[in-house]
Amino acid sequence: MIKASVKLRTSSLRLSWLANLYKRDFAKALEVAKTLVEESDADEQTFQVAGNVYRALALYKDGEKMFRKALKKFPNSGPLYSEYGEMLWDNKDYSAINQWEKGIEVDPSYPSNYYNAAKYYYLTYDKIWTLIYGEIFINLESYSRRTPEIKSLLVDGYKKLFIDLKTPKSAINKNPFAAACLSVLNDQASAVSLGITAESLSILRSKFILEWFDKYAGKFPFHLFDYERQLMKEGLFDAYNQWAFGASIGLANFQNWTAQHAEDYNRFISFQKGRVFRLPTGQNYRTETAK
């Protein structure tokens, strides 16, 4: 009877909480949230929504305490690290990236940490991580409202890497994995010497994969590059690069390419939708090799 009574009380509190959230009465929602997160059966979603309430009210210190408690209970929760980082970012606390990186490390197939990290690194000199994290994101979350945004970010990232920096070697990077990526990109920079297009990126990235697997794949196994090599073997890599970059570079050219290569493009889309892109643990070289 006691357990049933507790469950009924918790259920009633949740209904009240949802009603206040729906009405955007965050002050009342916070009162209920404080009670709910203390319940023994408080789940990840409860902490996530509570965090959104703290963010809405700009109660950052209290929100941090709540997130730290939540992550003690759910230390491998990608969603909680993502939400925690977003709250820090709201408060102009740029240590937010540490939360997103930790989320990538412990929950490597959760997309939002890649989304946030890709945008963060775009604002820094370290564009290589925008390219890596951004491409992982569009494979994890291929058809959401956020996908076109990151596709455009990827195109701009390549432009900045090869145009603003002249060559990738200009980027000083002490991270061994990133340095290896930049070295191979530098070797193949001539592929985009006449400009960044979906076609030139496809050539650049094809040559990148061939050199990467010749020199670095044994030292740095990486699922994204394994997937790209698989697409090359299937004859789908050009279509993949059009899907990833074409519309952001020029919608008319992209539409013209897909019309002329409809069979290849449809075959890629079918292949993509028929598989689940998931990442293994232990390949987060940003944190592992930068220590």
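Note that the coordinates shown come from a computational prediction; the quantities given were computed from them, not determined experimentally. (Residues numbered from 1 in each chain as written. Predicted model: local features only at pLDDT ≥ 70, side-chain atom pairs only at ≥ 80, totals over all residues. Heavy atoms only, no water.)

1. Considering the overall build of the protein chain
When its secondary structure is counted, the protein chain shows 16 helices and zero strands. Within the protein chain, buried positions represent 51% of all 291 residues. Considering only intrachain contacts with a sequence separation of at least 6, the fraction spanning at least 24 residues in the protein chain is 63%. A total accessible area of about 14,600 Å² is found for the protein chain, and carbon and sulfur atoms account for 52% of it. (Helix = DSSP H or I, 4+ residues; strand = E, 2+ residues; numbered from the N terminus. Buried < 20%, exposed > 50% of the residue type's maximum accessible area, 1.4 Å probe, protein only. Contact = heavy atoms within 4.5 Å. Areas by Shrake-Rupley, 256 points an atom, 1.4 Å probe, with all protein chains shown as cover.)

2. Side note on empty space enclosed by the protein
Taken as a whole and assessed by the stated rule, the structure comprises one cavity of 30 Å³ or more. Put simply, the largest cavity is a space of about 140 Å³. Considering the residues around the largest cavity, the lining is formed by I128, L131, I132, E135, Y158, C181, L185, R205, F208, L224, F225 and E228. Counting residues per element, the lining of the largest cavity draws most heavily on helix α8 (residues 127–140), at four residues. (1 Å grid on protein atoms, 1.4 Å probe; cavity = no way out; pocket = protein on both sides within 12 Å on 5 of 7 lines; lining within 4 Å. Points joined across faces, edges and corners; volume = space filled by probe spheres on them.)

3. Regarding the packing of aromatic side chains
In this description, a pair of aromatic rings is defined by centroid distance and the angle of the planes. Here the structure, examined in full by the defined rule, presents 34 aromatic pairs. Between the aromatic rings of W89 and W100, the centroid separation amounts to 6.0 Å while the plane-to-plane angle is 50°, which identifies the pairing as tilted. Of the two residues, W89 sits in helix α5 (residues 78–90) while W100 sits in helix α6 (residues 96–106), which places them 11 residues apart along the sequence. Judged by its relative accessible area of 31%, W89 is partly exposed. Relative to Y285, the ring of F222 has its centre 6.1 Å away and its plane inclined at 50°; by these criteria the two rings are tilted. Here F222 is found in the loop between α11 (198–215) and α12 (223–233), whereas its partner Y285 is found in helix α16 (residues 285–288), with 63 residues between them in sequence. Judged on exposure class, the residue F222 and its partner Y285 are both buried. A cation over an aromatic ring shows up here: R229 above the ring of F213, its NZ or CZ 3.9 Å from the ring centre. One Lys or Arg, K273, reaches over the ring of Y143 and ends 5.2 Å from the middle of that ring. (Phe/Tyr/Trp six-rings, centres within 6.5 Å; stacked < 30°, edge-to-face > 60°. Lys NZ or Arg CZ within 6 Å of the ring centre and 35° of its normal.)

4. Remarks on helix α10 (residues 176–187)
Think of an α-helix as 3.6 residues a turn; residues three or four steps apart then line up on the same face. Its 12 residues give α10 an end-to-end C-alpha distance of 17 Å, which sits within 8% of 16 Å, the value for a rise of 1.5 Å per residue. Listing the buried residues of α10 in full gives F177, A178, A180, C181, L182, V184, L185 and N186. The N-cap residue of α10 is N175: its side-chain oxygen and the backbone nitrogen of F177 are 3.0 Å apart. (Expected span 1.5 Å × (residues − 1). Polar contact = N/O pair within 3.5 Å; in protein donor to acceptor, adjacent residues only side chain to side chain.)

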